[in-house]
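If you want the building blocks of each chain, they are given just below.
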Amino acid sequence: MERNESEFHRAVVREKTSRRTIIAVLANCVAVASLSLTSTAITAQEYPSKPIRIVVPYPPGGAADATTRLIAQQLSLRMKQPVTVENKGGASEQVASSYMKSQPGDGHHIMLTTMVGMSTNPTIYGNKLPYDPVKDFAPVILSVALSSIVMVHPSNPANNMAELTAWLRAQKGAVSYSSAGAGAPSHIGMELYKRLGNFDATHVPYRGGAPALQALMAGETQIMMAIGADAMPMAKAGKLKPIAVLSAGGSAAFPGLPAVSETPGLSTLEMPFWFAYVVPTSTPKEIIARLNRELKAILHEPEMRKKLQEMGADVVGSTPEDLAAIIQSDTLKWGKVIRDSNITVD
């Protein structure tokens, strides 16, 4: 009997001790969770606490670099912190994206990206791509769209897309087109045009848009889908002939040019080359929302809009959700074109 009572007593003590341990552990977990939430709130509230860096996946001097530096100046004033631009060009945005995915998600590391880095690279490179656009990055804002323009040599008799398509068909494959490189939008867009227009043409890739345009002006190729900001100065000088803009409804940056999609049979031939900003996925939503508000306000300032249009860029200023939807939509659309056309990069 005494032994039974003793065992019962020890069992009760063990149970009380176990309860105290559980309660202590739970209390500690609550404390840690509360501390974590408080830390996140403080981080978002105090942001930015140091200089902000924007990584551009292209060399200095191009449209990506120029528009970002223009925006960075105003972002620095609004955030009351220095905002620097760092160029990490190479491998179709892979160098910059690989670097950015390993950066802390504290809002002090932002990257400019395009449909190349987010939407076409996954299909072209597949498992060889060293980053995942969806898993590694969180969308912030689609800032601007740079319209691509169908350009031909001034000697070409076509003056609109219907005439150009008829002329291309009549060449029976004895025609070539320039691109900024294998897998570039100027390559993928022309492959879609070939399918929709029912004609053939030989792809001639160059190392960038500038030499591709030079080849078109020299008559080495007959057509190119070029970034308007790069090609329009040559068109104004009479060295190239613009036919139409590859944006639905045309472009405010290039008034007077009709949209390719207005031509019967070419309604799906749209290829706006957009610039967007993303951050590492670990970045708190509050910081993403703050960045979106600040960047949107900058983009919609009348003077900023005017300067960007002069650079051939149409202001968009999307929400993070809209940017995510555009990335997904472009991935599906251009992924199909890439697969159907068997586009590969060595």
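Quick look at the structure, then. Please read these numbers as outputs of a predicted model, since none were measured by experiment. (Residues numbered from 1 in each chain as written. Predicted model: local features only at pLDDT ≥ 70, side-chain atom pairs only at ≥ 80, totals over all residues. Heavy atoms only, no water.)

With that settled, the discussion passes to the nonpolar core. Counting 80 residues, the largest nonpolar core has V150, M161, L164, Y193 and I223 as its most contacted members. With residues near it in sequence (within four places) discarded, V150 still touches M161, L164, I223, M224, M225, K241, P242, I243, A244, L246 and V260. Ranked by size, the runner-up nonpolar core spans 19 residues in total, among them L213, M234, V245 and L257. (Core = buried A, V, L, I, M, F, W, Y, C linked by side-chain atoms within 4.5 Å. Buried < 20%, exposed > 50% of the residue type's maximum accessible area, 1.4 Å probe, protein only. Contact = heavy atoms within 4.5 Å.)

The subject of this paragraph is the sheet that holds strand β3 (residues 109-114). Judged by pairing direction, the sheet is mixed, and its 6 strands sit side by side in the order β2-β1-β3-β10-β4-β11 without closing on themselves. Each edge of the sheet is formed by a strand with only one pairing partner; in this case those strands are β2 (83-87) and β11 (313-315). On average, adjacent strands in this sheet sit at an angle of 30° to one another, irrespective of strand direction. Looking at chain direction, strand β1 (residues 52-56) and β2 are connected through 5 bridges and run parallel. The residue of β2 that forms the bridge with I54 is V85. Lying on the sheet, helix α10 (residues 285-299) is in contact with β3, β4 (137-146), β10 (273-280) and β11; it crosses β4 at an angle near 10°. (Pairing = 2+ DSSP bridges. Helix = DSSP H or I, 4+ residues; strand = E, 2+ residues; numbered from the N terminus. Axes fitted to C-alpha atoms, helices over the stretch in contact; angles between N-to-C directions.)

This brings us to the side chain of T67. Counting through the fold element by element, T67 comes out in helix α2 (residues 63-79). You can call T67 buried: its relative accessible area is 2%. Apart from the residues lying within four places of it in its own chain, the contact partners of T67 are F275, L308 and M311.

The next subject is helix α12 (residues 320-340). The end-to-end C-alpha distance of α12, which contains 21 residues, comes to 30 Å, matching closely the 30 Å that a straight helix rising 1.5 Å per residue would cover. Three or more residues of α12 are buried, namely P320, L323, I327, D330, W334, G335, V337 and I338. Considered in projection along α12, the buried side chains sweep an arc of 160° and stay on one side of the axis. Structural note: α12 exposes E321, Q328, L332 and R339 on the side pointing more than 90 degrees away from its buried face. Check the buried side of α12 and you find it contacts α4 (115-125), β4, α7 (185-197), β10 and α10. (Expected span 1.5 Å × (residues − 1). Arc of directions from axis to C-beta.)

Mapped onto the elements, V175 comes out in the loop between α6 (161-170) and β6 (176-179). Accessibility expressed as a relative area gives 3% for V175, which makes it buried. Once residues lying within four places of it in the same chain are set aside, the contact partners of V175 are W167, L168, D200, A201, T202 and Q222.

Evaluated as defined, the whole model comprises 3 aromatic pairs. On the numbers, 6.1 Å between centres and 65° between planes, the contact of Y131 with F137 is edge-to-face. The interplanar angle of 80° and the centroid separation of 5.8 Å between the aromatic rings of F273 and F275 together place this pair among those described as edge-to-face. Here F273 matches F275 in class, with each residue buried. Between the NZ or CZ atom of K88 and the centre of the ring of Y99, over which it lies, the distance is 4.4 Å. (Phe/Tyr/Trp six-rings, centres within 6.5 Å; stacked < 30°, edge-to-face > 60°. Lys NZ or Arg CZ within 6 Å of the ring centre and 35° of its normal.)

Taken residue by residue, a regular strand's side chains alternate between the two faces of the sheet. Burial runs high along β10: 8 of the 8 residues are buried. Both β4 and β10 contribute to a ladder of 8 bridges, which runs antiparallel. Following the sheet pairing, L146 is matched in β10 by F273.

Further remarks concern the pattern of salt bridges. On inspection of all chains with the given rule, the structure shows 9 salt bridges. For D200, the salt bridge identified is with K194, shortest N-O distance 3.6 Å. The exposure class of K194 is buried, given its relative accessible area of 14%. With its nearest N and O atoms 2.6 Å apart, the salt bridge here joins D340 to K336. A residue pair is termed a helical-turn pair when its members lie 3 or 4 positions apart in one helix, as D340 and K336 do in helix α12 at 4 residues. (Salt bridge = Lys/Arg side-chain N within 4 Å of Asp/Glu carboxyl O.)

Once that is clear, we can look at the pairing of β1. Along β1, 4 of the 5 residues are buried, which leaves the element largely enclosed by surrounding structure. One ladder, built from 3 bridges, connects β1 with β3; its direction is parallel. If you follow V55 over to β3, its bridge partner there is M111.

G228, A231, M232, M234 and A235 are the residues of helix α9 (residues 228-236) that are buried. Summarising the axial view, the buried residues of α9 lie within an arc of 165°, below the 170-degree limit, and thus occupy one face. For α9, the exposed residues set more than 90 degrees away from the buried face come down to P233 and K236. Of the surrounding elements, those touching the buried residues of α9 are β5 (148-152), α8 (209-217), β8 (223-227) and β9 (241-245). Looking one or two residues beyond α9, the residue adopting positive phi is G238, at roughly 80°.

Orientation of α4 relative to α12, taken along the N-to-C sense of each, is 40°, at an axis distance of 8 Å. By the angle class used here, α4 and α12 are oblique. The handedness of the crossing between α4 and α12 is right-handed. Across the interface between the two elements, M115, M118, S119, T120, T123 and I124 of α4 pack against I327, D330, T331, W334, G335, I338 and R339 of α12. (Parallel < 35°, antiparallel > 145°, perpendicular 65-115°, else oblique. Left-handed = near helix turned anticlockwise from the far one by under 90°.)

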